[in-house]
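# Summary of the model geometry
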Amino acid sequence: MDKNIADLRKDYTLQDLNENQIDPNPFIQFKTWFDQATTAQLPEPNAMTLATCTPDGKPSARMVLLKDFDERGFVLFTNYNSHKGQELTANPHAALVFWWAELERQVRIVGTVEKISKEQSDGYFEMRSANSRLGAWASNQSEVIAGREVLERQLQEFQRKYENQEVPRPPHWGGFRVIPQEIEFWQGRSSRLHDRLLYTHLDHGSWKIERLSP
């Protein structure tokens, strides 16, 4: 390599994050940051890392897309039979991380997980393009296949099956909601002395806000 990995570094200087700048409701604060990431035209501002864990403690993580959020939590969609789907069903706890590099910001979310209703999954599935709906039928997500031609052949089979028909949602495909217990807002600062403000959900429904050392 021409440059040592250890020498790769950036000093963060764009903004600060103080207690008097934030909303006491973390969902409102998240919407503010998310809207700013969208306005800045960042590529896929709804991209997030989803970390899951098997019941025996084996972790895994991957990039997925946030598709909805409100004060109930953060929603994503997947094949329930995929690795992440099986892990979220067997061990309904997860972590999410948003990284908006251009704004020098990160949001970390930790919480429990539940499946959303069939009606909600149907509603989102109907919004997807016809090709995406067919793809949900064609892909046995996370299973080993012999080659790309397997996917293409299965897609053609479902194209013929649902030709000139509305493509229904597969029963094995739908949404999960991550219900946050903690939401941390991270703003990069100079000298690695970053601002970290942590919201922790309390039993009576309010949120405690604390500053963490970087």
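Residues numbered from 1 in each chain as written. Predicted model: local features only at pLDDT ≥ 70, side-chain atom pairs only at ≥ 80, totals over all residues. Heavy atoms only, no water.

## Looking at the pairing of strand 9 (residues 207-212)
In this sheet, strand 9 lies alongside strand 8 (residues 195-201) in antiparallel orientation, the contact comprising six bridges. Bridge pairing links Arg196 to Leu212 in strand 9. Counted between consecutive antiparallel strands, the loop separating strand 8 from strand 9 contains five residues, among which Gly205 sits at a positive phi close to 100 degrees. (Pairing = 2+ DSSP bridges. Helix = DSSP H or I, 4+ residues; strand = E, 2+ residues; numbered from the N terminus.)

## Here's the deal with helix 1 (residues 26-39)
Taking 1.5 Å as the rise per residue, helix 1 with 14 residues should run 20 Å; its terminal C-alpha atoms sit 20 Å apart, in good agreement. For helix 1, the full list of buried residues reads Pro26, Phe27, Gln29, Phe30, Trp33, Phe34 and Ala37. Buried positions in helix 1, seen along its axis, are confined to an arc of 155 degrees and lie on one side of it. After helix 1 finishes, the residue Gln41 shows a positive phi value of roughly 55 degrees. (Expected span 1.5 Å × (residues − 1). Buried < 20%, exposed > 50% of the residue type's maximum accessible area, 1.4 Å probe, protein only. Arc of directions from axis to C-beta.)

## Here's the deal with the pattern of salt bridges
Per the counting criterion, the structure on display carries 15 salt bridges. Here Glu166 and Arg133 are joined by a salt bridge, their closest N and O atoms 2.7 Å apart. One end of the pair, Glu166, is in the loop between helix 5 (148-161) and strand 7 (173-187); the other, Arg133, is in helix 4 (residues 130-138), with 33 residues separating them in the sequence. For Glu166, a relative accessible area of 59% corresponds to the exposed category. Taking the shortest distance from any N to any O, the salt bridge between Asp195 and Arg189 comes out at 2.8 Å. Residue class for Arg189 comes out partly exposed when judged on its relative accessible area of 27%. (Salt bridge = Lys/Arg side-chain N within 4 Å of Asp/Glu carboxyl O.)

## Re the packing of helix 4 against helix 5
Put simply, helix 4 and helix 5 touch, their axes get as near as 9 Å, and they point 115 degrees apart. For the pair helix 4 and helix 5, the crossing hand works out as right-handed. Between helix 4 and helix 5, the contacting residues are Leu134, Gly135, Trp137 and Ala138 on the first element and Leu151, Gln154, Leu155, Phe158 and Gln159 on the second. Split into classes, the residues belonging to the contact of helix 4 with helix 5 amount to six nonpolar, three polar and no charged. (Axes fitted to C-alpha atoms, helices over the stretch in contact; angles between N-to-C directions. Left-handed = near helix turned anticlockwise from the far one by under 90°. Contact = heavy atoms within 4.5 Å. Nonpolar A, V, L, I, M, F, W, Y, C, P; charged D, E, K, R; others polar.)

## Examining the nonpolar core
One broad trend across soluble globular proteins is that nonpolar side chains are buried collectively. Counting residues in hydrophobic clusters, the biggest one holds 31 residues, and the most contacted among them are Phe30, Trp100 and Val107. Where this core is concerned, the elements lending two or more residues are helix 1, strand 1 (47-53), strand 4 (73-79), strand 5 (93-100), strand 6 (105-115), strand 7 and strand 8. Here this core takes five residues from helix 1, the largest share from any one element. Excluding its chain neighbours within four sequence positions, the residues that come into contact with Phe30 are Leu66, Phe69, Phe74, Phe98, Trp100, Val107 and Phe185. Counting residues in each nonpolar core, the second largest holds 13 residues, with Val75, Ile116, Tyr124 and Val167 among its members. (Core = buried A, V, L, I, M, F, W, Y, C linked by side-chain atoms within 4.5 Å.)

## So, the layout of surface pockets
Empty space within the largest pocket amounts to approximately 270 Å³. As for the largest pocket, its lining consists of 16 residues, and the residues nearest its centre are Phe77, Thr78, Arg128, Gln141 and Trp173. For the lining of the largest pocket, the secondary-structure elements that each account for two or more residues are strand 2 (59-65), strand 4 and helix 4. When the residues that make up the lining of the largest pocket are grouped by side-chain class, the tally is seven nonpolar, six polar and three charged. (1 Å grid on protein atoms, 1.4 Å probe; cavity = no way out; pocket = protein on both sides within 12 Å on 5 of 7 lines; lining within 4 Å. Points joined across faces, edges and corners; volume = space filled by probe spheres on them.)

## Here we look at the UniProt feature "binding site: substrate" (unreviewed entry) in the protein
Residues given the UniProt feature "binding site: substrate" (unreviewed entry) here are Arg9, Lys10, Asp11, Tyr12, Lys67, Tyr124, Arg128, Ser132, Arg192, Leu193 and His194. Look at the named residues: they lie 186 residues apart in sequence, and the longest C-alpha span between them is 43.5 Å, so in the fold they stay spread out. Of the annotated positions mentioned, Lys67, Tyr124, Arg128 and Ser132 line the largest pocket. Using a relative accessible area of 15% as the deciding quantity, one classes Tyr124 as buried. Excluding anything up to four places from it in sequence, Tyr124 contacts Lys67, Phe77 and Trp173. Here Lys67 takes part through its side chain, which lies 3.5 Å from a polar atom of the side chain of Tyr124. (UniProt positions renumbered as here; feature names shortened; annotations may be inferred. Polar contact = N/O pair within 3.5 Å; in protein donor to acceptor, adjacent residues only side chain to side chain.)

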